[in-house]
Amino acid sequence: MESLHPGDDKRALRRLLRRKRQALSQHEQHMAAQKLCQRLKTLPEIRRARRLSVYLPVKGEIDPTPLIPWLRQRNVALYLPVLRPFSTNQLWFVAYRPDTPMVKNRFGIDEPDAQFSAQRRNRLPAWALDTLIVPLVGFDANANRMGMGGGFYDRSLAFMHRPGPSPTLIGVAHACQQVASLPVEPWDVPLQAVVSDQGTVRR
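Bear in mind that the values here come from a model prediction, so they are computed numbers and not experimental data.

> Before we move on, could you go through the sheet that holds strand β10 (residues 168–173) and cite the residues and values that matter?
Overall, mixed pairing links the eight strands, which are arranged β6-β3-β2-β1-β7-β10-β11-β12 in an open sheet. Edge strands, defined here as strands with exactly one partner in the open sheet, are β6 (123–124) and β12 (200–202). Helix α2 (residues 26–42) contacts β7 (131–135), β10 and β11 (193–196) of the sheet and is inclined by roughly 140 degrees relative to β11.

> Describe the environment of M160, naming the residues involved and giving the relevant values.
Note that M160 resides in the loop between α6 (152–156) and β10. Along the primary structure M160 and P190 are separated by 30 residues, whereas in three dimensions their C-alpha atoms are 8.8 Å apart. Among residues more than four places away in sequence, those in contact with M160 are S166, P167, L169 and V189.

> Pulling in residues and values, what's your account of the nonpolar core?
In a soluble, globular protein the nonpolar side chains are often hidden away together inside. Counting 52 residues, the largest nonpolar core has L40, L52 and L157 as its most contacted members. Elements that contribute at least two residues to this core include exactly α2, α4 (68–73), β2 (77–83), β3 (91–95), β7, α6, β10 and β11. Ignoring anything within four residues of it in the chain, the contact list for L157 reads A126, L132, L169 and V189. Formed by six residues, the second largest nonpolar core is a distinct cluster that contains L13, L17, V137 and L182.

> Break down the packing of aromatic side chains for me, citing the residues and quoting the values.
Scanning all chains against the criterion turns up one aromatic pair. Note on F107 and F152: the rings are 5.9 Å apart at their centroids and 90 degrees apart in plane angle, and the pair reads as edge-to-face. Here F152 lies in helix α6 and F107 lies in the loop between β4 (102–104) and β5 (110–112), a separation of 45 residues in the sequence. Note on F107: relative accessible area 41%, which makes it partly exposed. A cation sits over an aromatic face here: R72 above Y96, 5.4 Å from the ring centre. The ring of W92 is capped by R123, whose NZ or CZ atom sits 4.0 Å from the centre of that ring.

> Can you tell me about helix α1 (residues 10–22), naming the residues and giving the values?
Compared with the 18 Å implied by 1.5 Å per residue over 13 residues, the 18 Å span of α1 between its first and last C-alpha is a close match. Taken as a whole, α1 has its buried residues at L13, R14, L17 and R21. Within α1, the buried residues cover an arc of 100 degrees as seen down the axis, which keeps them to one side. Facing away from the buried surface of α1 by more than 90 degrees, the exposed residues are R11 and R19. Its buried side turned inward, α1 meets α2, β8 (138–139) and β9 (145–146). The N-cap residue of α1 is D9: its side-chain oxygen and the backbone nitrogen of R11 are 2.9 Å apart.

About the criteria used
- Residues numbered from 1 in each chain as written.
- Predicted model: local features only at pLDDT ≥ 70, side-chain atom pairs only at ≥ 80, totals over all residues.
- Heavy atoms only, no water.
- Pairing = 2+ DSSP bridges.
- Helix = DSSP H or I, 4+ residues; strand = E, 2+ residues; numbered from the N terminus.
- Contact = heavy atoms within 4.5 Å.
- Axes fitted to C-alpha atoms, helices over the stretch in contact; angles between N-to-C directions.
- Core = buried A, V, L, I, M, F, W, Y, C linked by side-chain atoms within 4.5 Å.
- Buried < 20%, exposed > 50% of the residue type's maximum accessible area, 1.4 Å probe, protein only.
- Phe/Tyr/Trp six-rings, centres within 6.5 Å; stacked < 30°, edge-to-face > 60°.
- Lys NZ or Arg CZ within 6 Å of the ring centre and 35° of its normal.
- Expected span 1.5 Å × (residues − 1).
- Arc of directions from axis to C-beta.
- Polar contact = N/O pair within 3.5 Å; in protein donor to acceptor, adjacent residues only side chain to side chain.

Below, the structure written as structure tokens:
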């Protein structure tokens, strides 16, 4: 398990952890996704969610999408994070249904197209979601999260530092992305838990 000391280069650790997850074979990725989704199904936060945000994986991120048919059977309304136009590194949360028209964004990630996303009835403010399943690059035993470095989730969820309604945040990752400890920045939005293919850690 890698240890991150205050003087270490966060960018170097981020590169190392991204390489680790991208080195997993397709079979390893598939097996990890199945194990992850079995664990997610047992979480009370997932079982009681009625409005839930999930993500579509890229670049070795663990794949939460095998959970989608099970969620649809339970009549959970699903949303995807979408790059918000005309704002710096912020996300919208847009309805994800079988007929949602999709395009690739500037990072090569599939997301609902701009016309669909721009219609207010197709999106929810983040505070109105019950639960968000969020990707990460690294995590530790206290469920601290290292993201991709763009600050998309931290900016979009900054309202959670203030009193008021807020969703539950569940990070998901490959077990190989766990490190001994991560520094916590004042702007970091805390996760309630991180679920991997091998276990669950809670704050």
